[in-house]
Amino acid sequence: MKALVLQSSEISDKIGNKITFYGVESNETLNITTTATGLGHWFDIDGNICAYGDNAKVFSEFDKTNFTFSIGQYPGHCSSGNQFKVKQALVYQYAAGKKVQVTFVFNITIK
């Protein structure tokens, strides 16, 4: 968070906080709905956010205290060779209509 000069306690999945955490759909739309643990999302085969269930393939969960991500798969839903591109973003709204977005892109290959 040094890049934005903000504290991890300022990150939330609620609009209106200094920094809002989003999942990013494959069409680049920001999605505020978390579907995995904490600040996390399940993704389908196309890299779109989905609920834990039949369409879920992989997840990414952000630990704002340690500024780390955990990546995992839904047991039995992936096959060797599957590839996924998933994205999540931090958006800092610093003035009306002015923001900075940092997007994290994870290219995942199941071995």
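Each value, and the rule that gives it
- Residues numbered from 1 in each chain as written.
- Predicted model: local features only at pLDDT ≥ 70, side-chain atom pairs only at ≥ 80, totals over all residues.
- Heavy atoms only, no water.
- Helix = DSSP H or I, 4+ residues; strand = E, 2+ residues; numbered from the N terminus.
- Buried < 20%, exposed > 50% of the residue type's maximum accessible area, 1.4 Å probe, protein only.
- Contact = heavy atoms within 4.5 Å.
- Polar contact = N/O pair within 3.5 Å; in protein donor to acceptor, adjacent residues only side chain to side chain.
- Pairing = 2+ DSSP bridges.

## Overview of the environment of Ala-56
Looking at where Ala-56 falls in the secondary structure, it is placed in the loop between strand S5 (49–50) and strand S6 (58–63). Judged by its relative accessible area of 0%, Ala-56 falls in the buried class. For the pair Ala-56 and Pro-75, spaced 19 residues apart in sequence, the C-alpha separation works out to 9.8 Å. If we ignore the near neighbours within four places in the chain, the residues touching Ala-56 are Trp-42, Phe-43, Cys-50, Ala-51, Tyr-74 and His-77.

## Re the environment of Gln-93
Residue placement: Gln-93 occurs in strand S8 (residues 83–95). Look at Gln-93 and you get partly exposed, because its relative accessible area is 40%. A C-alpha to C-alpha distance of 6.7 Å links Gln-93 and Ile-19, two positions 74 residues apart in sequence. Those residues in contact with Gln-93 that lie beyond four places of it in its chain are Lys-18, Lys-98 and Lys-99. For Gln-93, the side chain forms a polar contact with the main-chain oxygen of Lys-98, separated by 3.5 Å.

## Description of the pairing of strand S4 (residues 39–43)
Counting buried residues along S4, five of its five residues qualify, which places the element largely inside the surrounding structure. Bridge count between S4 and S6: five bridges; the pairing is antiparallel. By the bridge assignment for S6, His-41 is matched with Ser-60.

## Concerning the sheet that holds S6
In spatial order, the strands read S5-S4-S6-S7; together these four strands make up an open sheet with antiparallel pairing. Edge positions in the sheet fall to S5 and strand S7 (68–73), since each of these pairs with one other strand and no more. As defined by bridge partners, S4 adjoins S5 across two bridges and the pair is classed as antiparallel. Within S5, the position partnered with Phe-43 by the bridge is Ile-49.

None of the figures reported here should be taken as evidence of function without further support.
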